[in-house]
Amino acid sequence: MSYRVAVVGATGNVGREMLNILEEVEFPISKIHALASRKSIGVEVSFGEQIVRCEDIEQFDFSKVDLVLMSVSGSFSKEWSPKIGAAGPIVIDNSSAFRMDPDVPLVVPEVNPDDVEWADRKNIIANPNCSTAQLVVALKPLHERARIKRVVVSTYQSVSGAGKEGMDELFDQTKNVFVLGATPPKKFPKQIAFNVIPFIGSFNDDGYTDEEAKMWNETHKMIDPDIKLTVTCVRVPVMVGHSEAVNIEFHEPLDADEARDLLRESPGLIVIDQRNDKGYITPKEAQGEFPVFVSRIRNDPTVEHGINLWVVADNLRKGAALNAVQIAQLLHERDLIKR
């Protein structure tokens, strides 16, 4: 059994990565379509050994495909995903448009795979925020064992989370800072080269950003609304790979040794945790990899039942494209894709 698949937003960082991973995991595809806005018509993208020319989404007949992977803005998805879903195919949407819609499952396959069973309500499945995806993969097995009471997260998010423009800005500023002086910021509010910016997204009335709110809202939807979670999101001068310092307080006893063993046995996770100067993961080493990596597992002596973790993943893969493809694989395994 093979499927007709369309990737919308195929010329962007995540869209290209979706095409790469679909080919890499050998997802059963009989026909692949690359779709984009009118300005990208005819742009060539690669799918394995094939070269695929981008087609105009405005002119495309979605009734002739079985599955659509979306990597577009939230406003674009709000306009197009319902229309595509109504035409027949299941839409796996990487934007924030439908994540909190009660009729749209928000899915990380290692965390809540059964939620794909009700995707037919709107024929849309949402991908979580990139930072949330890696966080919940680490939290879920610990919550099942000892019930999480409270989580404090500080993120270290790479510039690729802001798209190609963010990557270009870091490259240009870094290159020029010692020659002509750093180029003025355009994509980011302040200089990102040799700097960190404790602000991602836009401010809400409570002083938190919408990026921070996404993380606790999405964690509540996928794992447990009773988990107390507070977040500070920070942009750092790293090209690819998000990192998170995670402090967890539990209702029940759980020490670092048991947590380490539990995480080692959990799907989608690799533990790299040795107490020497190289016994941990960095975003550079996680780049291009599928799993979520966990390091620096240690007890927190300031609370009765607490541990600290360092969580790292390739944000273009597990944080976006890979998770979408894993959802597609899950739908295939459960025979939920209508051909």
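Residues numbered from 1 in each chain as written. Predicted model: local features only at pLDDT ≥ 70, side-chain atom pairs only at ≥ 80, totals over all residues. Heavy atoms only, no water.

The chain is annotated in an unreviewed UniProt entry as Aspartate-semialdehyde dehydrogenase of Phenylobacterium conjunctum. Comment text from UniProt for the chain, heading Sequence similarities (unreviewed entry), reads "Belongs to the aspartate-semialdehyde dehydrogenase family." (UniProt positions renumbered as here; feature names shortened; annotations may be inferred.)

### Concerning the state of the cysteines
What the rule picks out here adds up to zero disulfides. Of all cysteine sulfurs, the one in C233 lies closest to C130, which takes part in no disulfide; the gap is 8.6 Å. Take C130: its relative accessible area is 14%, and that puts it in the buried class. (Disulfide = S-S within 2.5 Å. Buried < 20%, exposed > 50% of the residue type's maximum accessible area, 1.4 Å probe, protein only.)

### Quick word on the packing of helix 3 (residues 130-146) against helix 6 (residues 256-264)
When two helices pack together, their arrangement is given by the angle between the helix axes and by the axis-to-axis distance. At a minimum axis separation of 10 Å, helix 3 and helix 6 run at an interaxial angle of 120°. Relative to helix 6, helix 3 is oriented oblique. The handedness of the crossing between helix 3 and helix 6 is right-handed. Two secondary-structure elements touch here, helix 3 through A138, P141, L142 and R145 and helix 6 through E258, A259, L262 and L263. Residues belonging to the contact of helix 3 with helix 6 are distributed by class as follows: six nonpolar, no polar and two charged. (Axes fitted to C-alpha atoms, helices over the stretch in contact; angles between N-to-C directions. Helix = DSSP H or I, 4+ residues; strand = E, 2+ residues; numbered from the N terminus. Parallel < 35°, antiparallel > 145°, perpendicular 65-115°, else oblique. Left-handed = near helix turned anticlockwise from the far one by under 90°. Contact = heavy atoms within 4.5 Å. Nonpolar A, V, L, I, M, F, W, Y, C, P; charged D, E, K, R; others polar.)

### Overview of the domain arrangement of the chain
Split by domain assignment, the chain resolves into domain 1 (3-128 + 320-333) and domain 2 (131-315). The straight-line distance from the C-alpha centre of domain 1 to that of domain 2 is 25 Å. If you look at the interface, domain 1 gives 19 residues, while domain 2 gives 19 residues. Across the interface of domain 1 and domain 2, roughly 1,500 Å² is buried in total on both sides, 66% from carbon and sulfur atoms. It is N13, E110 and V111 that lose the most area in domain 1 upon contact with domain 2, and together they represent 35% of the buried surface on that side. (Domains from an automatic or database assignment. Buried area = accessible area lost by both parts, 1.4 Å probe.)

### So, the sheet that holds strand 13 (residues 292-299)
With respect to topology, six strands assemble into an open sheet ordered 10-9-11-14-13-12, the strand pairing being mixed. Because the sheet does not close on itself, it has two edges, and the strands there are strand 10 (228-232) and strand 12 (269-271). On average, adjacent strands in this sheet sit at an angle of 25° to one another, irrespective of strand direction. Pairing between strand 13 and strand 14 (residues 306-313): five bridges, direction antiparallel. Bridging across to strand 14, N299 finds its partner in I307. Across the sheet, helix 5 (residues 210-222) lies against strand 9 (148-156), strand 10 and strand 11 (242-250), angled at about 155° from strand 10, the strand it touches most. Running at roughly 165° to strand 13, helix 6 makes contact with strand 12, strand 13 and strand 14 of the sheet. (Pairing = 2+ DSSP bridges.)

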